[in-house]
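Survey of secondary and tertiary structure
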Amino acid sequence: MTRQWLLRLQPDPHRAVDPAMPPAAVATTAELLGTGPARWAVQTAEAIARDILEQVPEHGGGQGPVATLRRSTESAVLAALRLLVSESPGRFSALTDETREGCREFARRGIPLGQVLRGVRLGHARLAHDLGAAIEELVADDRRLAELREVNDLLFAYADSHASMMAEEYIAERDRWRGSDEAARRAVVDDLLAGRPVDERTASRRLHYDISRTHLAAVLWCDDTDSGPPAAERLHRTAMAMARTLAAKGMLLVPADNTSAWVWFALADEAGSGRTAHLRGLPNRPRPVRAALGPPASGPQGIRRSHRGALQAQRLAHASTQWLCDYQEVRLVALATAEPEHALWFVHDVLGPLASGGDRVRELRETLRVYLAEERSLRTAADRLHVARNTVTYRVKRAEELLPGATTAGNSLELRVALEIARHLQP
């Protein structure tokens, strides 16, 4: 094995990052290099994904696309490390299955090839920088310059081959996609979501879905795709079960990426929206599918309105242990957190020390939130929290002591909004 210094790579102990790929995929590199270098690769890949999203935001667009990007960058970094320690680097393909699938998804989403390749260049530049920093730290002075040159040469060849193969994969998928019925349907959906005018009869015929009705949008996604039936099958089964529960008059399902889908249900006018409460207890629901609902809305504009609400609910779904997050229940927080950084500033201004982390402070914060939401009823709050009334009294008193002098429990509106934001953004 060449480049023994790679075996001494270690991740930042203060920045925990969960792998985006299945454990078995990371374990392959860990067996070759060790746990430390594999975890270093996962951290580096996550940083690369953040760089790409910041400079080429077209790669984002929701949890599913971000997850796809992370899997692609992670597989590429792990492959690069295996290339660098290989005695026969030519044996390694420059394109992993994950980067190949990510490239196909970029083509289906209509991201320009130039932007795709810009992301590749950004990723390889960050990887070269971080490996250079590691060489400065881990390689002896008399060998350092030569090692930098050799690694840069290998990475350049890898990046060049990577970009060429991605371009070929992208063009092939783009040409196939443009000629498919699925692409024609997606083009209509894209027009509706962009608010562009469409002919209702033509659009309804192409989509096999009446766009003049009242719509309830949902975003479905799989948290775990390592086992069980394929994600697409689970998403479709969940959507069908939801349609039956809602007694929907029609359903439109559009794959968003490999692990998520956008769905619209045609309701029997406004009366059908009352059935959304039944979705929480959906029988025989495929796991681990999760869902976010938008508000019911009518007509072509309603498709866009309800979908945007569903995307906001998905953004906040991580704070819930329930499988379904309904926009109607989180719309205030969705509005207040449209600019997350600004929202966190507000939370810290209003809550002061009560906005800090830690399980104990979160417990005090949640008790005060429930207490205020229940109109300061100790009994009702205790019932909701499954604790004694005296416990609620103690926690509320302690929480109020942590509030800054400018904030009081009497300032109910700002305090309640800050508590709701803190619950979802987890400061």
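From a predicted model like this one, the values you see are computed outputs, not experimental measurements.

**Notes on the pairing of strand S3 (residues 260-267)**
With eight of eight residues buried, S3 lies mostly within the body of the structure. Neither face of S3 is exposed, since Ser260, Trp262, Trp264 and Ala266 on one face and Ala261, Val263, Phe265 and Leu267 on the opposite face are all buried. Bridge count for strand S1 (residues 214-222) against S3 is eight bridges, and the pairing is antiparallel. Bridge pairing links Ala218 to Val263 in S3. Looking at chain direction, strand S2 (residues 250-257) and S3 are connected through seven bridges and run antiparallel. Residue pairing across strands places Leu253 opposite Val263, the latter belonging to S3. With antiparallel pairing between neighbouring strands as the criterion, S2 and S3 make up a hairpin whose turn holds two residues.

**What to know about the packing of helix H13 (residues 359-373) against helix H14 (residues 378-385)**
Two elements in contact, H13 and H14, have axes whose closest approach is 8 Å; the angle formed by their N-to-C orientations is 130 degrees. In this view, H13 runs oblique relative to H14, as classed from their interaxial angle. Viewed along their axes, H13 and H14 form a crossing whose handedness is right-handed. Note on element contacts: H14 touches H13 through Leu378, Ala381, Arg384 and Leu385, opposite Glu366, Thr367, Arg369, Val370, Tyr371 and Ala373. The residue inventory of the contact of H13 with H14, partitioned by class, reads six nonpolar, one polar and three charged.

**A look at the side chain of Arg365**
By secondary structure assignment, the location of Arg365 is in helix H13. Buried Arg365, no salt bridge; nearest opposite-charge side chain is Glu366, N-O distance 7.2 Å. One polar contact links the side chain of Arg365 to the main-chain carbonyl oxygen of Ser356, over a distance of 3.0 Å.

**Looking at the pattern of salt bridges**
Taken as a whole, this structure holds 32 salt bridges when the rule is applied. Here Glu150 makes a salt bridge to Arg3, at a shortest N to O gap of 3.3 Å. Linking Glu150 in helix H6 (residues 141-178) with Arg3 in the segment before helix H1 (23-33), this pair joins segments that are 147 residues apart in sequence. A relative accessible area of 32% means that Glu150 is categorised as partly exposed. A residue is classified by how much of its surface remains accessible, and Arg3, at 16% relative accessible area, is buried. Salt bridges linked by common partners bring Arg100, Glu101, Arg104, Arg108, Glu169, Glu173 and Arg176 together as one network.

**Some words on empty space enclosed by the protein**
Inspection of every chain in the model, using the stated rule, returns one cavity of 30 Å³ or more. In terms of lining, the largest cavity is formed by 18 residues, of which the most central are Ile52, Thr73, Gly119, Val120 and His162. Every element with two or more residues in the lining of the largest cavity is listed here: helix H2 (35-55), helix H3 (63-85), helix H4 (97-108), helix H5 (113-138) and H6. Per-element accounting of the lining of the largest cavity gives the leading share, six residues, to H5. Grouping the amino acids of the lining of the largest cavity by side-chain chemistry returns ten nonpolar, eight polar and no charged.

**Structural notes on the nonpolar core**
If you look at the biggest cluster of nonpolar residues, it comprises 45 residues, and the most contacted ones within it are Trp5, Leu6, Leu9, Leu81, Leu127 and Leu131. Among the elements of the structure, H1, H2, H3, H4, H5 and H6 are those that each provide at least two residues to this core. By residue number, the principal contributor to this core is H3, which donates ten residues. In contact with Leu81, not counting residues within four places along its chain, are Leu6, Leu9, Leu33, Pro37, Trp40, Ala41 and Leu131. Residues Ile211, Val254, Ala317 and Tyr327 belong to the second largest nonpolar core, which totals 28 residues.

**Quick word on the state of the cysteines**
Summed over all chains, the structure comprises zero disulfides. Here Cys222 stays free of any disulfide, with the sulfur of Cys325 as its closest cysteine sulfur at 17 Å. Since its relative accessible area comes to 7%, Cys222 is described here as buried.

**Some points on the layout of surface pockets**
Approximately 1200 Å³ is the volume attributed to the largest pocket. As for the largest pocket, its lining consists of 37 residues, and the residues nearest its centre are Gln63, Gly64, Ala67, Thr68 and Arg71. Of all the secondary-structure elements, those providing two or more residues to the lining of the largest pocket are H3, H4, S1 and helix H10 (299-316). At seven residues, H3 tops the list of elements feeding residues into the lining of the largest pocket. Class assignment for the residues of the lining of the largest pocket results in 15 nonpolar, eleven polar and eleven charged.

Calculation notes
Residues numbered from 1 in each chain as written. Predicted model: local features only at pLDDT ≥ 70, side-chain atom pairs only at ≥ 80, totals over all residues. Heavy atoms only, no water. Buried < 20%, exposed > 50% of the residue type's maximum accessible area, 1.4 Å probe, protein only. Helix = DSSP H or I, 4+ residues; strand = E, 2+ residues; numbered from the N terminus. Pairing = 2+ DSSP bridges. Axes fitted to C-alpha atoms, helices over the stretch in contact; angles between N-to-C directions. Parallel < 35°, antiparallel > 145°, perpendicular 65-115°, else oblique. Left-handed = near helix turned anticlockwise from the far one by under 90°. Contact = heavy atoms within 4.5 Å. Nonpolar A, V, L, I, M, F, W, Y, C, P; charged D, E, K, R; others polar. Lys, Arg positive; Asp, Glu negative; His and termini not counted. Salt bridge = Lys/Arg side-chain N within 4 Å of Asp/Glu carboxyl O. Polar contact = N/O pair within 3.5 Å; in protein donor to acceptor, adjacent residues only side chain to side chain. 1 Å grid on protein atoms, 1.4 Å probe; cavity = no way out; pocket = protein on both sides within 12 Å on 5 of 7 lines; lining within 4 Å. Points joined across faces, edges and corners; volume = space filled by probe spheres on them. Core = buried A, V, L, I, M, F, W, Y, C linked by side-chain atoms within 4.5 Å. Disulfide = S-S within 2.5 Å.

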